[in-house]
Amino acid sequence: MTSQSILRSAVIGVGVGRAHMRGYQSNPGAQLVAICDTDQMRVAAVGDEYHIPERGRYTDYHKMLAEVQPDVVSIALPNYLHADVTLTALEAGAHVICEKPMAPTVTQAEAMITAAKKADRKLVMCYNYRFRPDVQWMKRMIAAGQLGEIHHVHATWRRETGIPGSGWFGKKAMSGGGAMIDLGVHVLDLTLWFMGFPTVTTVSGGTRSLFGQHGLKTWGRKPGPSPEFDVDDGAVAFLRFANGANSVVQATWAEHRQPQDDMIRMEIQGTLGTIILTVPNYRHDDTLRMFSEIEGEPVTVIPSLRTQGKTSGHEALVSATVDALLTDTEAPSTGEQGLAAVRVLEALYQSAALGHEIAIETIQPTS
């Protein structure tokens, strides 16, 4: 690989952005040249940890983009900043990897796609859960036709205690929503991805806020009234697809269940078989069961995946994006796929507010 084929990369937001940094540094096709965060002390500490030269440490992303002119930028900022910073990075000539959710509103997400097309740059969504080895195995099994036609997906991410206790997560103006836009977007994306992104026709949604307003079941905060909390701490949606299939998607930050339980569960039902993914507390082993029939008899398959030495999550997604940029091939998750999830989320919240099912083509844009 020649020096001309190495992508100069940068990361804006070095909280979760550190996972992006590891992805760039793991791929010989990328060179991490700059980081940016409004917290100068954090920039200094992270810069030292990841050996970023002093000249590549910034607290102003406009200045960083102008001076460094990176080839690709990761944006790992609060939700309400995704669109504006993405537009600025695209205008500066960089490809963009944007953290989930793509944006709080359909209007913002569409503007991001338009800007990427105008700039002839790739816009990549950071759906890191696609890169779990068990999820990758599920995708291969579906692609091989082992499940037949998928007719139903039940997808949940449920926490016993897990409401963010500070910052912007509980403020709708900054986050766009609560548990569903934070956790639910991951299993919603996996649902659409496993199914091949069929057209969603209608969404019926319900939300509740039972704990967050009282400061209960939070991380990093003592119990007590929380007047700034105005988002859902639990939500559920029912999706209908144009091909006749349907799905239930649920997300909770808090509920009464087994203490410290944090569970992802996805059940993919097809005409030839069903796969169930069960991930308690971010576990990576023994998470899969497949149910089918052989010669008229029920069969249970328990895969033993070879995961040693394999990267996953953010690191794998960022590295795969670098490869896609270098070879000018399709990115691992596109802006259009990010928009598909935002459309469902906006319809869900409108449905919950209005109390009835929403047809996707009739949702009212939110500014």
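What counts and how
- Residues numbered from 1 in each chain as written.
- Predicted model: local features only at pLDDT ≥ 70, side-chain atom pairs only at ≥ 80, totals over all residues.
- Heavy atoms only, no water.
- Salt bridge = Lys/Arg side-chain N within 4 Å of Asp/Glu carboxyl O.
- Buried < 20%, exposed > 50% of the residue type's maximum accessible area, 1.4 Å probe, protein only.
- Pairing = 2+ DSSP bridges.
- Helix = DSSP H or I, 4+ residues; strand = E, 2+ residues; numbered from the N terminus.
- Contact = heavy atoms within 4.5 Å.
- Axes fitted to C-alpha atoms, helices over the stretch in contact; angles between N-to-C directions.
- 1 Å grid on protein atoms, 1.4 Å probe; cavity = no way out; pocket = protein on both sides within 12 Å on 5 of 7 lines; lining within 4 Å.
- Points joined across faces, edges and corners; volume = space filled by probe spheres on them.
- Nonpolar A, V, L, I, M, F, W, Y, C, P; charged D, E, K, R; others polar.
- Parallel < 35°, antiparallel > 145°, perpendicular 65-115°, else oblique.
- Left-handed = near helix turned anticlockwise from the far one by under 90°.
- Expected span 1.5 Å × (residues − 1).
- Bend = angle between axes of the 7 residues up to and from the residue.

Asks: If you had to explain the pattern of salt bridges to someone new, which residues and values would you point to?
Replies: The full count for this structure, using the stated rule, is 21 salt bridges. Ionic pairing is found between Arg 257 and Asp 261, a salt bridge with its closest N-O pair at 2.7 Å. Arg 257 sits in the partly exposed class, given a relative accessible area of 25%. Among the residues examined, Asp 261 registers a relative accessible area of 12% and is labelled buried. Taken together, the shared-partner salt bridges connect Arg 158, Glu 255, Arg 257 and Asp 261 into one network.

Asks: Residue-level account of the sheet that holds strand 11 (residues 234–241), with values.
Replies: The mixed open sheet is built from 9 strands, whose spatial order is 16-15-14-13-7-12-11-9-17. In this open sheet, the two strands that pair with only one neighbour each are strand 16 (297–301) and strand 17 (358–359). Note that strand 11 and strand 12 (residues 246–252) share 7 bridges and pair antiparallel. Directly across from Leu 239, in strand 12, lies its bridge partner Ser 247. Relative to the sheet, helix 6 (residues 133–143) contacts strand 7 (150–159), strand 13 (262–270), strand 14 (274–280) and strand 15 (288–294), its axis offset from that of strand 14 by approximately 170 degrees. Helix 10 (residues 335–354) rests against strand 9 (200–208), strand 11 and strand 17 of the sheet, and its axis sits at about 55 degrees to strand 9.

Asks: Outline the sheet that holds strand 2 (residues 30–36), supporting the account with residue identities and numerical values.
Replies: The parallel open sheet is built from 6 strands, whose spatial order is 3-2-1-4-5-6. The outermost strands of the open sheet, each flanked by one partner alone, are strand 3 (57–58) and strand 6 (123–126). Summarising the sheet, strand 4 (residues 72–75) and strand 5 (residues 95–99) pair through 4 bridges and their orientation is parallel. The residue of strand 5 that forms the bridge with Val 73 is Val 96.

Asks: Lay out the layout of surface pockets in plain terms, naming residues and giving numbers.
Replies: By volume, the largest pocket is sized at about 920 Å³. Lining the largest pocket are 37 residues, with Val 16, Ala 76, Leu 77, Trp 168 and Phe 169 positioned closest to its centre. Elements represented by at least two residues in the lining of the largest pocket include exactly helix 4 (82–91), strand 7 and helix 8 (179–194). Among the elements that make up the lining of the largest pocket, the one with the highest residue count is helix 8 (3 residues). Of the residues in the lining of the largest pocket, the class split is 19 nonpolar, 10 polar and 8 charged. Size it by volume and the second largest pocket reaches roughly 320 Å³. As for the second largest pocket, its lining consists of 15 residues, and the residues nearest its centre are Ala 116, Asp 120, Arg 121, Lys 122 and Leu 123. Only helix 5 (106–119) and helix 10 provide two or more residues apiece to the lining of the second largest pocket. Take the lining of the second largest pocket: its biggest share by element is 3 residues, from helix 5.

Asks: Would you mind going over the packing of helix 8 against helix 10 in detail, with residue names and values included?
Replies: Orientation of helix 8 relative to helix 10, taken along the N-to-C sense of each, is 125 degrees, at an axis distance of 10 Å. Judged by the angle between their axes, helix 8 and helix 10 are oblique. Note that helix 8 runs across helix 10; the crossing there is right-handed. From helix 8, Met 180, Ile 181, Val 185, Leu 188 and Leu 192 reach across to helix 10, where they touch Ala 340, Ala 341, Val 344, Leu 345, Leu 348 and Tyr 349. The residue inventory of the contact of helix 8 with helix 10, partitioned by class, reads 11 nonpolar, no polar and no charged.

Asks: Explain the side chain of Ser 9 residue by residue, including any values.
Replies: With respect to the helices, strands and loops of the structure, Ser 9 is situated in strand 1 (residues 7–12). A relative accessible area of 0% means that Ser 9 is categorised as buried. Beyond its immediate sequence surroundings of up to four residues, Ser 9 is in contact with Tyr 24, Gln 31, Leu 32, Val 33, Ala 34, Pro 70 and Val 72.

Asks: A description of unusual backbone geometry should follow, citing residues and the corresponding values.
Replies: The residue after Lys 100, namely Pro 101, is reached through a cis peptide bond having omega -15 degrees. Considering the arrangement of structural elements, one finds Pro 101 in the loop between strand 5 and helix 5. Its identity is not glycine, yet His 51 carries a phi of approximately 60 degrees, on the positive side. Residue His 51 is classed as exposed on the basis of its relative accessible area of 71%.

Asks: Describe in detail the environment of Ala 76, supporting the description with residues and values.
Replies: Mapped onto the fold, Ala 76 is located in the loop between strand 4 and helix 4. Ignoring sequence-local partners within four residues, the contact set of Ala 76 consists of Ile 12, Gly 13, Val 16, Gly 17 and Glu 99.

Asks: Can you tell me about helix 8, naming the residues and giving the values?
Replies: The terminal C-alpha atoms of helix 8 lie 22 Å apart, and with 16 residues this matches the ideal 22 Å at 1.5 Å per residue to within 8%. Its axis deflected by about 50 degrees at Val 185, helix 8 carries its strongest bend there. Burial analysis of helix 8 places 16 of its 16 residues in the buried class, which makes it a mostly covered element. Looking one or two residues past helix 8, Gly 196 carries a phi angle of roughly 80 degrees, positive in sign.

From the geometry alone we can't say anything about function, so treat these as descriptive.
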